[in-house]
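Summary of structural features
Residue-level listing of the chains:
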Amino acid sequence: MFQAEFWRDSFGLGHNWFLERIVVEDKTHGSEHIFPVHRWVRPERHYIIYEYDCCLPQEDEFQEQRRTELKEYRRLYQYEQHVENGPVQIKQLPEDEQFTEDYKWDIVKCKGRFLLDTKLIRWTTDKWESICDLKKCYKYSLGEPACLEYWNEDRWFGLQRVQGVNPVLIRLCTEIPENFGVTEEMVEPFLEGLTLDEAIQNKKIFLIDLEILQGINCKDDRLLCAPLALFFLNKHKELMPIAIQLFQEKGPYNPVFLPSDPPTTWLTAKMYYSNADAMFHQSCTHLGFTHLLMEGVVICTHRNLSNSHPLFKLLAPHFLFLLAINTRGLEKLISPGGWVDKTMTIGRKGMFELIAKGMSRWHMNVQGIVPNEIKSRGLTEFERGLVVGLREGEFFSRDIAERRGRNVSTVNHCWQQWSREGTATRRPGSERPRGTTEREDRRVWLMAVVHRTASAAEIRAAVGTTVTQRTVTNRLLQGQLRARRPVACIPLTPNHCRLRREWCQTRAHWRTEWRYVVFSDGSRFYLGASDGRVLVRRRPGERLQPICLRPRHTGSTPGVMVWEQIPMTAGALSWLSHPP
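Not measured: the values here are computed from a predicted model.

1. Notes on the sheet that holds strand E10 (residues 239-245)
With antiparallel pairing, the five strands of this open sheet are ordered in space as E7-E8-E9-E10-E11. On the outer flanks of this sheet lie strand E7 (171-172) and strand E11 (256-257), each paired with one strand and no other. Running at roughly 90 degrees to E10, helix H4 (residues 154-163) makes contact with strand E8 (205-209), strand E9 (228-233) and E10 of the sheet. Helix H7 (residues 263-304) rests against E8, E9, E10 and E11 of the sheet, and its axis sits at about 85 degrees to E10.

2. Some details on the nonpolar core
Judged by nonpolar contacts, the single largest core of 40 residues is most densely connected at Leu210, Leu213, Ile346, Met351 and Ile355. For this core, the elements supplying multiple residues, two or more each, are E8, E9, E10, H7 and helix H11 (347-359). At nine residues, H7 tops the list of elements feeding residues into this core. When residues no more than four places from it in sequence are discounted, the contact partners of Met351 are Gln282, Ser283, Leu287, Ile334, Val340, Met344 and Ile346. Counting 17 residues, the second largest nonpolar core, distinct from the first, contains Phe180, Val182, Val187 and Ile205.

3. Points about the packing of H4 against H7
One can describe the packing of H4 onto H7 by two numbers: an axis separation of 12 Å at closest approach and a directional angle of 15 degrees. It follows from the interaxial angle that H4 and H7 lie roughly parallel. Where H4 crosses over H7, the two elements pack in a sense that is left-handed. Across from Asp154, Phe157 and Arg161 in H4, the residues of H7 making contact are Trp266, Lys270, Tyr273, Ser274 and Asp277. Grouping the constituent residues of the contact of H4 with H7 by class yields three nonpolar, one polar and four charged.

4. Some remarks on the pattern of salt bridges
Here the structure, examined in full by the defined rule, presents 17 salt bridges. Residues Arg39 and Asp53 are paired through a salt bridge, measuring 3.2 Å at the closest nitrogen-oxygen approach. Note that Arg39 is positioned in strand E3 (residues 31-40) and Asp53 in the loop between strand E4 (47-50) and helix H1 (63-76), a separation of 14 residues in sequence. For Asp53, a relative accessible area of 2% puts it in the buried group. For Glu211, the salt bridge goes to Arg361, with nearest N and O atoms at 3.0 Å. Taken together, the positions of Glu211 in the loop between E8 and E9 and Arg361 in the loop between H11 and helix H12 (370-376) put the pair 150 residues apart, joining distant regions of the chain.

5. Some details on empty space enclosed by the protein
A complete count under the given rule lists three cavities of 30 Å³ or more for this structure. Taken together, Arg39, Trp40, Arg42, Arg45, Tyr47, Glu69, Glu72, Tyr73 and Asp96 form the lining of the largest cavity. Listing elements by their share of the lining of the largest cavity, those giving two or more residues are E3 and H1. Looking at which element gives the most residues to the lining of the largest cavity, the answer is H1, with three residues.

6. Remarks on H7
With 42 residues, H7 ought to run about 62 Å at 1.5 Å a step, and its terminal C-alpha atoms sit 58 Å apart, in line with that. Its axis deflected by about 45 degrees at Leu287, H7 carries its strongest bend there.

7. Focus on the packing of aromatic side chains
Remark: the centre distance and the inter-plane angle together describe each pair of aromatic rings, the angle taken between the planes. Scanning the entire structure with this criterion turns up 10 aromatic pairs. Relative to Tyr103, the ring of Phe99 lies with its centre 4.9 Å away and its plane at 10 degrees, an arrangement referred to as stacked. Pairing Tyr103 with Phe321 gives two aromatic rings, centres 4.6 Å apart and planes at 50 degrees, and the pair type is tilted. With Tyr103 in helix H2 (residues 101-124) and Phe321 in the loop between helix H8 (310-315) and helix H9 (322-332), this residue pair connects regions lying 218 residues apart in the sequence. Note on Phe321: relative accessible area 11%, which makes it buried. Among the aromatic residues, those joined into a ring-pair cluster are Phe99, Tyr103 and Phe321. Here Arg155 stacks its cationic end above the ring of Tyr150, 5.8 Å away from the centre of that ring. In this structure, Arg161 is placed above the aromatic ring of Phe157, and the distance from its NZ or CZ to the ring centre is 4.6 Å.

8. Looking at the layout of surface pockets
There is about 1400 Å³ of room inside the second largest pocket. Lining the second largest pocket are 38 residues; nearest its centre among them are Phe114, Lys332, Leu333, Trp339 and Thr343. Of all the secondary structure elements, the ones that give two or more residues to the lining of the second largest pocket are H2, helix H3 (135-138), H7, H9 and helix H10 (339-343). Looking at the lining of the second largest pocket element by element, the count peaks at 10 residues for H2. Classifying every residue of the lining of the second largest pocket by side-chain character gives 20 nonpolar, 10 polar and eight charged.

9. Topic: the pairing of strand E2 (residues 18-26)
For E2 and E3, the ladder comprises eight bridges, and the chain directions are antiparallel. If you follow Leu19 over to E3, its bridge partner there is Arg39.

Here is what the cut-offs are and how they apply
- Residues numbered from 1 in each chain as written.
- Predicted model: local features only at pLDDT ≥ 70, side-chain atom pairs only at ≥ 80, totals over all residues.
- Heavy atoms only, no water.
- Pairing = 2+ DSSP bridges.
- Helix = DSSP H or I, 4+ residues; strand = E, 2+ residues; numbered from the N terminus.
- Contact = heavy atoms within 4.5 Å.
- Axes fitted to C-alpha atoms, helices over the stretch in contact; angles between N-to-C directions.
- Core = buried A, V, L, I, M, F, W, Y, C linked by side-chain atoms within 4.5 Å.
- Buried < 20%, exposed > 50% of the residue type's maximum accessible area, 1.4 Å probe, protein only.
- Parallel < 35°, antiparallel > 145°, perpendicular 65-115°, else oblique.
- Left-handed = near helix turned anticlockwise from the far one by under 90°.
- Nonpolar A, V, L, I, M, F, W, Y, C, P; charged D, E, K, R; others polar.
- Salt bridge = Lys/Arg side-chain N within 4 Å of Asp/Glu carboxyl O.
- 1 Å grid on protein atoms, 1.4 Å probe; cavity = no way out; pocket = protein on both sides within 12 Å on 5 of 7 lines; lining within 4 Å.
- Points joined across faces, edges and corners; volume = space filled by probe spheres on them.
- Expected span 1.5 Å × (residues − 1).
- Bend = angle between axes of the 7 residues up to and from the residue.
- Phe/Tyr/Trp six-rings, centres within 6.5 Å; stacked < 30°, edge-to-face > 60°.
- Lys NZ or Arg CZ within 6 Å of the ring centre and 35° of its normal.

Below, the structure is given as structure tokens:
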């Protein structure tokens, strides 16, 4: 059994039917056949699905059924822009995307418990007179956070910039911005004997510039900073704040705050900065670039990929309740007069302005690809840190090298440096100057992708670079474009594919029958100097891509073909044969 056909009528009240799966038990062979449906079964419509219901469009024999389903999904999943110039959302939440009854009941229980905790806190807690009184609020809810005793320390403030909820802002500082009023004399006491220029050259100075917050309209004319903050990586590998300017235009009424200022003044500057950081995090990093941006991906997937498509099968678990959560959040939390208006400095209107401003600067080829995003901020030691993390996770050096497209010796050297020195940072001047520019590297990769069978010498000549052929090969390896033998294939027509599938289906339940089958294999040994084989360059996962396949070799080079037959119940039989 490899197909299941089902339908229903429209008799009776409440006849709507969401069918999760069909399981057919084979009593004869003791096996099960699973047909995952995951669809609302419409009345008077016949459905036919394959076992496991997973196939590409070109392999589906029931194209009309697929087109009908997609047409229905395009009617249900329609785009609408709730945030002006922001990501798109669902126009009306489809029935399939709503919370289940169990999930709704869980939300109600949690809400009731939290409301009870809130009333208990109000009854047992007086009006706050100091920050220490805040501890009492945690007693009946989430418990005291571990950082409660050292949240005001500079070390913790710096750690939050890389290990907190918003580590996407910090970047390597190559020069001090003109509108940042910090001077070398101000920060020299915090640089461990280095000058500011020396610290910048040694890649020890980092910058966060929240210029994007400038000009955002806040609710009730609340004050929102657009700060600049400077950080220094000290000898203990701790990121320490050394200067904060709360607004963009430098001047006498916009001072630069330093760790040497009175403790209360310096702490207040850090708190104002943290508030600005939280506004960006909640608006862009969390809501805009995560929830709302992914909502458009969910809608697009439903409109263009059938439930039977393999990619849909992979993505669907990650889409669970995302549209429902976003819809509920927009209705309850970000509604006029809701939680955002009551508790956040920017309010609902300012949040939408900030999301639109952030989206205008978001690019798929940078922010959408984590290594590129990190590289754009000058944090080029990311890959070396990733190697250390994978080795600590007990991955083998060869596996890491294969995954990252590096040599095994490079991985071992990075790990040995970490084990010996406690750091994976490349020492200044420790690497050879690159013989190619990034532009030339991209041309080499593009040439190899377009012309898969081109050799390194041919690519070098076409690109026009002056480096050696070995350097071109290294650049191709860095792009994970390795020369491999192409998979030999026989060009098959749709009729061939159908006949092969039918042959397999009729023998899927064979058990004892295999005893009477003889398996055969063959190897060809060429007598000439070359077999004429052409290699193709491919990345991991591209082995069976059409561009990486080659028809079966039928050349006229003299050789010997060796066949071997292996039955299950007897010894192997071998013989030699010359090809015609």
